[in-house]
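Now for the letters of each chain:
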Amino acid sequence: MASSLLTSPAMIPITSSTVVVRSTLPFRSSLRSFRMNRSYNKPSLFVSCCSHVSKKGETSASVLKPVVERWLEYIPHKLPDKNYVRVFDTTLRDGEQAPGGALTPPQKIEIARQLAKLRVDIMEVGFPVSSEEEFETVKTIAKTVGNEVDEETGYVPVICAIARSKREDIEAAWEAVKYAKRPKILIFTSTSDIHMKYKLKKTKEEVIEMAASSVRFAKSLGFVDVQLGCEDGGRSEKEFLCKILGESIKAGATTVNVADTVGINMPEEYGELVSYLKANTPGIDDVIFSVHCHNDLGVATANTIAGVCAGARQIEVTVNGIGERSGNAPLEEVVMALKCRGEYLMDGVYTRIDTRQIMATSQMVQEYTGLYVQPHKPIVGANCFVHESGIHQDGILKNRSTYEILSPEDVGVVKSQSSSIVLGKLSGRHAVKDRLKELGYELNDEKLNDIFSRFRDLTKQKKRITDDDLKALVTCRDEVSSLNGARGEETNGYVPISQISSVV
């Protein structure tokens, strides 16, 4: 993997004199420790967090050859770097629970291979006890994808299965994933008063014992990597969470997580919860703290980032944010937020996701699940790198960083400058002229004024103007001009130039 993708700066400042900038996260109280004084070069403009802002005229010698980094040893309860954030992808488990999003076994296996290309640290691939087909699919992924070691980097994904705090669930999970080089189990139990009363019908003491004994049983089967998850943790009592997590760690859990299962928490609230648990849970510093957020109030991404800022070092996400009800925190949004802003606003946190695989992964998941994203979906939506406003088009044509903070190439989209320009009623003269030039028409000012006037008339009838429409605007009037020229009248034609190809 190219090291530039792993250490890409969040912003590229235009250098001037040096100044100290105070960076404050949008959270208070327990997150105050994340307020930082950081020395910056004073910018006249912060350009962007993407790679398309390199200076024009740079020599080829300045383009560094990608450096392949070896994947560091995976230790279940320990990170290679305090700022490293593990990516736990649950597209094939929680994501598949989205209504209408069921996958066939071959589709799950193919998505698992694509997730490996994306370089997720952990992929949760199913619920083995739920059916024989699910068991066999998880087992197949463990035997194949879970053993496919990248020779260049040494990367191999952790294969995880989910289980309730029941012996039969845990046994099924072990039998399914034990074939992987790095098998993992996520054991979950409900911890909110409403869940314990109406769903489990158990006391707090019984739930604590159930969780701890389940962890011990998983370890006895052979699991080295055991995660204890608190379902509906976002509505649970903080003191009780500290107790159940502490007892689970004592029993051998290597990762613990608190899920905002119903998506009720706000970012400040969720960040404070993580901070409290990190400060008051016995043994918490010896394990990985993970966050799992749902999107019912539209803040799953923000809550996940708040959790990271509060000290969580594993994020549980799905591709395109698919999942129960309103879905989960989208992998692409959280990863790109950490890539763009982690260096300067989040104390240097980062992931090792190969972001160039994001678009291919998103499109595969959309095609196989039938759950297509809206055009304005951040990072992977069709409109992410497309501009129709004339003011924006003018800026993009001069320098993409004027209105784009991400490079399309960084997420696997290959575009030329003009391919992101959509011509419509808001488009200006600059964009029309530039597109006509790419189509092979070099126009004088008078001709351009005439075509642009008719272009504006056409936009009253059509939402988007195609290349064929532009050609028609030129050639239809040109036929009249040619007839006038034959009669000895002055012509107002165009000068054809070599056609400029655009890469889409």
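Everything below is about the structure printed above this text.
Given the structure is predicted, the values throughout are model-derived calculations rather than measurements.

## A short note on a nonpolar patch on the surface
Then step 1. Side chains of Ile264, Met266 and Leu297 sit close together on the surface and give an oily, nonpolar patch of about 260 Å² of accessible area.
Then step 2. What makes Met266 partly exposed here is its relative accessible area of 36%.

## Describing the packing of helix α13 (residues 429–438) against helix α14 (residues 445–459)
To describe two helices that pack against each other, one gives the angle between their axes and the distance between the axes.
Then step 1. The geometry of α13 relative to α14 is characterised by a closest axis approach of 11 Å and an angle of 110° between their N-to-C directions. Viewed along their axes, α13 and α14 adopt a mutual orientation that is roughly perpendicular. Contact with α13, carried on its side by Arg429, Val432, Lys433 and Leu436, involves Leu448, Asn449, Ile451, Phe452 and Phe455 of α14 and no other residues of that element.
Then step 2. The class makeup of the residues in the contact of α13 with α14 is six nonpolar, one polar and two charged.

## Some points on the packing of helix α5 (residues 193–200) against helix α6 (residues 204–221)
Then step 1. Between α5 and α6, the least distance of the axes is 11 Å, while the angle of their chain directions is 85°. Taken together, the axes of α5 and α6 are roughly perpendicular relative to one another. Counted together, Asp193, Met196 and Leu200 of α5 and Lys204, Val207 and Met210 of α6 form the full contact between these two elements.
Then step 2. In terms of residue class, the contact of α5 with α6 is made up of four nonpolar, no polar and two charged.

## What about the side chain of His195?
Then step 1. Assignment of secondary structure puts His195 in helix α5.
Then step 2. Those residues in contact with His195, other than ones at most four positions away along the chain, are Ser190, Leu200, Glu231, Asp232 and Arg235.

## Details of the environment of Ile353
Then step 1. Positionally, Ile353 belongs in the loop between α10 (331–345) and α11 (358–369).
Then step 2. Judged by its relative accessible area of 2%, Ile353 is buried.
Then step 3. Separated by 233 residues in sequence, Ile353 and Val120 have C-alpha atoms that sit 6.1 Å apart.

## Describing the pattern of salt bridges
Then step 1. Taken as a whole and assessed by the stated rule, the structure comprises 22 salt bridges.
Then step 2. When the shortest N-O distance is used, the salt bridge between Glu148 and Arg113 registers 2.7 Å. Of the two residues, Glu148 is situated in the loop between α3 (132–143) and β5 (158–164) and Arg113 in helix α2 (residues 105–118); the sequence distance between them amounts to 35 residues.
Then step 3. Glu231 serves as the salt-bridge partner of Lys199, at 2.7 Å between the closest nitrogen and oxygen. Separated by 32 residues along the polypeptide, Lys199 in helix α5 and Glu231 in strand β7 (residues 225–231) bring together distant segments of the chain.

The rules we used
Residues numbered from 1 in each chain as written. Predicted model: local features only at pLDDT ≥ 70, side-chain atom pairs only at ≥ 80, totals over all residues. Heavy atoms only, no water. Patch = residues over 30% accessible without salt bridge, like charges linked within 9 Å, V, L, I, M, F, W, Y side chains within 5 Å. Areas by Shrake-Rupley, 256 points an atom, 1.4 Å probe, with all protein chains shown as cover. Salt bridge = Lys/Arg side-chain N within 4 Å of Asp/Glu carboxyl O. Buried < 20%, exposed > 50% of the residue type's maximum accessible area, 1.4 Å probe, protein only. Axes fitted to C-alpha atoms, helices over the stretch in contact; angles between N-to-C directions. Helix = DSSP H or I, 4+ residues; strand = E, 2+ residues; numbered from the N terminus. Parallel < 35°, antiparallel > 145°, perpendicular 65-115°, else oblique. Contact = heavy atoms within 4.5 Å. Nonpolar A, V, L, I, M, F, W, Y, C, P; charged D, E, K, R; others polar.

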